[in-house]
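Fold and contact review
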Amino acid sequence: KEILMKSHNSLPLQKSEETELNDNKLNFIEHLHKLPELLELNLSFNRIQTIQNLRCPKLRTLNLNSNLVESLEGIENLKCLVSLQLAHNRVESMK
């Protein structure tokens, strides 16, 4: 199932700066590299366990509240990130 088929505004999806994918029962992150202008991403209330595949060079805000994230491995790829929401996950260490 390709979720990233349409944008919630009139912009072409590749130009979107904000994407809401919350509460979609997503198990993993994929295809977001196709959104090079993405600044804000809401993935809350899903079933995501890892952020390793998240490749969004301009991403500044990431909401992963209420998922199953256990590790922050891959967070180093998000060089522009200034806001990370991780409440109600399984992260035990910030290593």
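Everything in this summary refers to the structure shown in the same document. Here the structure is a predicted model, which means the values were calculated and not measured.

Comments concerning the side chain of asparagine 46
Here asparagine 46 shows up in the loop between strand S2 (40–42) and strand S3 (61–63). Residue class for asparagine 46 comes out buried when judged on its relative accessible area of 6%. A polar contact is formed between the side chain of asparagine 46 and the backbone nitrogen of asparagine 24, at a distance of 2.9 Å. Non-local contacts of asparagine 46, meaning those with residues more than four positions away in its chain, are made with Leu21, Asn22, Asp23, Asn24, Lys25, Leu26, Ser66 and Asn67.

Some details on the pattern of salt bridges
Following the criterion strictly, the structure yields one salt bridge and no others. Lysine 58 serves as the salt-bridge partner of glutamate 37, at 2.9 Å between the closest nitrogen and oxygen. In this pair, glutamate 37 sits in the loop between strand S1 (18–20) and S2 while lysine 58 sits in the loop between S2 and S3, placing the two residues 21 residues apart along the sequence. Accessibility expressed as a relative area gives 29% for glutamate 37, which makes it partly exposed. Using a relative accessible area of 36% as the deciding quantity, one classes lysine 58 as partly exposed.

Structural notes on the nonpolar core
Ranked by size, the top nonpolar core spans 20 residues in total, and within it Leu32, Leu41, Leu43, Leu54, Leu59, Leu62 and Leu64 carry the most contacts. Non-local contacts of leucine 62, meaning those with residues more than four positions away in its chain, are made with Leu41, Leu43, Leu54, Leu78, Leu81, Ser83, Leu84 and Gln85.

Describing a negative patch on the surface
A cluster of like negative charges, contributed by Glu17, Glu18, Glu20 and Glu40, occupies part of the molecular surface. Among the residues examined, glutamate 17 registers a relative accessible area of 46% and is labelled partly exposed.

Cut-offs used in this document
- Residues numbered from 1 in each chain as written.
- Predicted model: local features only at pLDDT ≥ 70, side-chain atom pairs only at ≥ 80, totals over all residues.
- Heavy atoms only, no water.
- Helix = DSSP H or I, 4+ residues; strand = E, 2+ residues; numbered from the N terminus.
- Buried < 20%, exposed > 50% of the residue type's maximum accessible area, 1.4 Å probe, protein only.
- Polar contact = N/O pair within 3.5 Å; in protein donor to acceptor, adjacent residues only side chain to side chain.
- Contact = heavy atoms within 4.5 Å.
- Salt bridge = Lys/Arg side-chain N within 4 Å of Asp/Glu carboxyl O.
- Core = buried A, V, L, I, M, F, W, Y, C linked by side-chain atoms within 4.5 Å.
- Patch = residues over 30% accessible without salt bridge, like charges linked within 9 Å, V, L, I, M, F, W, Y side chains within 5 Å.
- Areas by Shrake-Rupley, 256 points an atom, 1.4 Å probe, with all protein chains shown as cover.
- Lys, Arg positive; Asp, Glu negative; His and termini not counted.
- Charge placed at Lys NZ, Arg CZ, Asp CG, Glu CD.

Keep in mind these values describe shape, not function.
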